[in-house]
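Observations on chain architecture
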Amino acid sequence: MNLPRFIISLAVAAALMPLPFAAEARTAADFFVSAPDEVLPLLPQNTRLDMLDYFSSGMSTFSPNATRGNARIVLNEPSKLQAVLSRDSNIQIALVATEKDTLLAVIETVLTPVADSSVAFYDKSWQPLNIAMPSATPLDFVPDSLRKEASGCEMPDVAFSTVDFEPESGLFVVNNTTAGYYAEQDRPKGLALMSTSIKYTLSGKRLRKVSGTTEK
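Predicted model, so just to flag it, every value in this text is computed and none were measured.

Our next topic: the nonpolar core. Looking at soluble globular proteins, one finds that nonpolar side chains tend to be buried together. Ranked by size, the top nonpolar core spans 29 residues in total, and within it M133, F172 and L207 carry the most contacts. Going through the elements one at a time, strand 4 (89-97), strand 5 (102-110), strand 6 (116-122), strand 7 (161-166), strand 8 (171-176) and strand 9 (197-203) are the ones with two or more residues in this core. If we skip the residues at most four places from it in the chain, L207 touches F121, I131, A132, M133, P134, F172, Y200, T201 and L202. Among the nonpolar cores identified, the runner-up in size contains 24 residues, and A29, A35, L43 and I91 belong to it.

Another point: helix 3 (residues 45-56). Here helix 3 is twelve residues long and its end C-alpha atoms lie 17 Å apart, about the 16 Å a rise of 1.5 Å per residue gives. Within helix 3, the full set of buried residues consists of T47, R48, L49, M51, L52 and D53. Where helix 3 ends, the next residue or the one after it, G58, has phi of about 75°, a positive value.

So, about the confidence of the model for the protein. Taken as a whole, the protein shows an average pLDDT of 89; of its residues, 86% reach a score of 70 or greater. Within the protein, helix 2 (residues 28-34) carries the highest mean pLDDT (98), whereas helix 1 (residues 3-16) carries the lowest (50). Below a pLDDT of 50 lies the segment residues 13-23, which in the model reaches seven contacts outside its immediate sequence neighbourhood of four places, other chains included.

Below, the discussion takes up the sheet that holds strand 2 (residues 70-77). By way of backbone hydrogen bonds, the strands of a sheet pair with one another, either parallel or antiparallel. What the six strands build is an open sheet, ordered 1-2-3-4-5-6; its pairing is antiparallel. Each having just a single partner strand, strand 1 (63-64) and strand 6 make up the two edges of the open sheet. Note that strand 3 (residues 80-86) and strand 4 share six bridges and pair antiparallel. Within strand 4, the position partnered with K80 by the bridge is A94. Sheet strands touched by helix 3: strand 1, strand 2 and strand 3. Its angle to strand 2, the strand with the most contacts, is close to 60°.

How each quantity is defined
- Residues numbered from 1 in each chain as written.
- Predicted model: local features only at pLDDT ≥ 70, side-chain atom pairs only at ≥ 80, totals over all residues.
- Heavy atoms only, no water.
- Core = buried A, V, L, I, M, F, W, Y, C linked by side-chain atoms within 4.5 Å.
- Buried < 20%, exposed > 50% of the residue type's maximum accessible area, 1.4 Å probe, protein only.
- Helix = DSSP H or I, 4+ residues; strand = E, 2+ residues; numbered from the N terminus.
- Contact = heavy atoms within 4.5 Å.
- Expected span 1.5 Å × (residues − 1).
- pLDDT = per-residue confidence, 0-100.
- Pairing = 2+ DSSP bridges.
- Axes fitted to C-alpha atoms, helices over the stretch in contact; angles between N-to-C directions.

This is how it looks when you write it as structure tokens:
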């Protein structure tokens, strides 16, 4: 028997047991394994266990996904797991602490034609929650001090962005990737006014923009 795989399987099984049998709090890796197929359709559960086995062993080996692409874990922390799903996509599973409970955020990023993320929230039983990441517009990335200037010049029609969760701060960082949509000679003037990122915090069932965190 593959010993690391066996140990991981036991740890996941213990994490799924009802209290008082579960010895420790569940980690992002536990939820990665227990996620239903509709959340991670490209990765059957056995493949996820293989991926954890390889990562725990310090190996960069890829595992085949359901479409014969390559998948592997690139980060495994107690509150955040990040994995490559295929050549063009990756996923984060994050544990988000709130005043009442811990929620799950699944952040999927598609890399073509421009890197762009979608975020879905679940409870710890993988039931979907009615929480939505605000759709960032081009003006959302413009600092208040530059809004007047932005109103007088051509702005991008839409904004593209990737999302990253910071376990230490509990913030969702929305990174501006809009520039990748344009060839250098076609970039609207207002693109230069847009910040590199904005940040949100989960407050109750809403994501609230954190003031003073927008950078130019």
